[in-house]
Amino acid sequence: MTLCRPRTLLTWLLSGMLAAGASPVMANETDQAVAACLKAWVTHPFGDRPTYRVLGTSVKVFGIGSSSADTEKTTSPALVVVNPGVNVMGGSVIELLNPNGWYCLRSTVSVMGGMTIRLACGAQLASLSGTATVMGNNADQKGVTVMGSTTVERVGCPEGNRI
């Protein structure tokens, strides 16, 4: 078995992320993503042709880069597609803080680092990606983790009422 040197691994990961960011997204891809999340939830308040928002991609390498946060609080259920989050050799947090949010997570990738998804109490979360863990911890089975950890943390719940 041959292991990549850290610099080679980083170059490979960064080139893959840049290529993914440059490729066009077909309109029906997101529609398929939404349909898959709705199917995962079984019962939801959105009907057959829901409206939704898209939360942008976050990329962090060595702790440098952007984070994603949905801080909008709605009075009724809101469907939000969360584009991929990527974390390489550092820590990253995705904040999904709408208690009425129904979050459709396209994917997360954490390599040699930690990713935390902070999810509002009462919010719903479905993940579309297949899950895989290699030499790490991914107890919540959200995304791909290699030599790191991915966790979902509930926030804003009354004491004794955490999920």
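Fair warning: this is a prediction, and the values are worked out from it, not measured in the lab.

### Here we look at the sheet that holds strand 5 (residues 78–82)
Strand order in the open sheet formed by 4 strands is 1-5-8-11, and the pairing between neighbours is parallel. Pairing within the sheet leaves two strands with one partner each, and these edge strands are strand 1 (53–55) and strand 11 (124–127). Along the sheet, successive strands turn relative to each other by an average axial angle of 25 degrees, direction set aside. As paired elements, strand 1 and strand 5 share 3 bridges and run parallel to each other.

### Considerations on the state of the cysteines
For the structure shown, the criterion picks out 2 disulfides. Paired through a disulfide, C121 and C157 show a sulfur-sulfur distance of 2.3 Å. Around the S-S axis, the bridge from C121 to C157 shows a dihedral of about 110 degrees and counts as right-handed. You can see C121 sitting in the loop between strand 10 (114–120) and strand 11 and its partner C157 sitting in the segment after strand 14 (149–155), a full 36 residues away along the chain.

### Focus: the side chain of T74
Among the structural elements, T74 can be located in the loop between strand 4 (68–70) and strand 5. When residues no more than four places from it in sequence are discounted, the contact partners of T74 are N98 and N100.

### Structural notes on the nonpolar core
V82, L96, Y103, L119 and L125 are the most contacted members of the largest nonpolar core, which has 13 residues in total. Looking at this core, the elements that each hand over two or more residues are strand 5, strand 7 (91–96), strand 8 (101–105) and strand 10. Among the elements that line this core, the one with the most residues is strand 10, at 4 residues. Discounting chain neighbours no more than four positions away, the residues touching L119 are L96, Y103, Q124, L125, V152, E153, R154 and V155.

### Brief notes about the packing of aromatic side chains
A complete count under the given rule lists 2 aromatic pairs for this structure. Arranged with centres 5.1 Å apart and planes meeting at 85 degrees, the rings of W41 and W102 form a pair that is edge-to-face. One end of the pair, W41, is in helix 2 (residues 27–41); the other, W102, is in strand 8, with 61 residues separating them in the sequence. Among the residues examined, W102 registers a relative accessible area of 14% and is labelled buried. Taking 5.6 Å as the distance between ring centres and 90 degrees as the angle between the ring planes, the aromatic pair formed by F46 and W102 counts as edge-to-face. Of this pair, F46 sits in the loop between helix 2 and strand 1 while W102 sits in strand 8, and the two are 56 residues apart along the sequence. By the burial criterion, F46 is buried, and W102 matches it.

### Some thoughts on the environment of S66
By the element assignment, S66 lies in the loop between strand 3 (64–65) and strand 4. The class for S66 is partly exposed, based on a relative accessible area of 37%. Taking C-alpha positions, S66 is 9.7 Å from V93, a pair spaced 27 residues apart along the chain. Here S66 is in contact with T57, S58, V59 and K60, once residues within four sequence places are set aside.

### Notes on the pattern of salt bridges
Throughout the structure, instances matching the rule amount to 4 salt bridges. We note a salt bridge from R53 to D70, for which the minimum N-O separation is 3.1 Å. Residue R53 is found in strand 1, and its partner D70 is found in strand 4; the two are separated by 17 residues along the sequence. Judged by relative accessible area, R53 falls into the partly exposed class, the value being 28%. Classification of D70 as buried rests on a relative accessible area of 3%. It is possible to trace a salt-bridge network through shared partners that takes in R53, D70 and E72.

Procedures and definitions
- Residues numbered from 1 in each chain as written.
- Predicted model: local features only at pLDDT ≥ 70, side-chain atom pairs only at ≥ 80, totals over all residues.
- Heavy atoms only, no water.
- Pairing = 2+ DSSP bridges.
- Helix = DSSP H or I, 4+ residues; strand = E, 2+ residues; numbered from the N terminus.
- Axes fitted to C-alpha atoms, helices over the stretch in contact; angles between N-to-C directions.
- Disulfide = S-S within 2.5 Å.
- Contact = heavy atoms within 4.5 Å.
- Core = buried A, V, L, I, M, F, W, Y, C linked by side-chain atoms within 4.5 Å.
- Buried < 20%, exposed > 50% of the residue type's maximum accessible area, 1.4 Å probe, protein only.
- Phe/Tyr/Trp six-rings, centres within 6.5 Å; stacked < 30°, edge-to-face > 60°.
- Salt bridge = Lys/Arg side-chain N within 4 Å of Asp/Glu carboxyl O.

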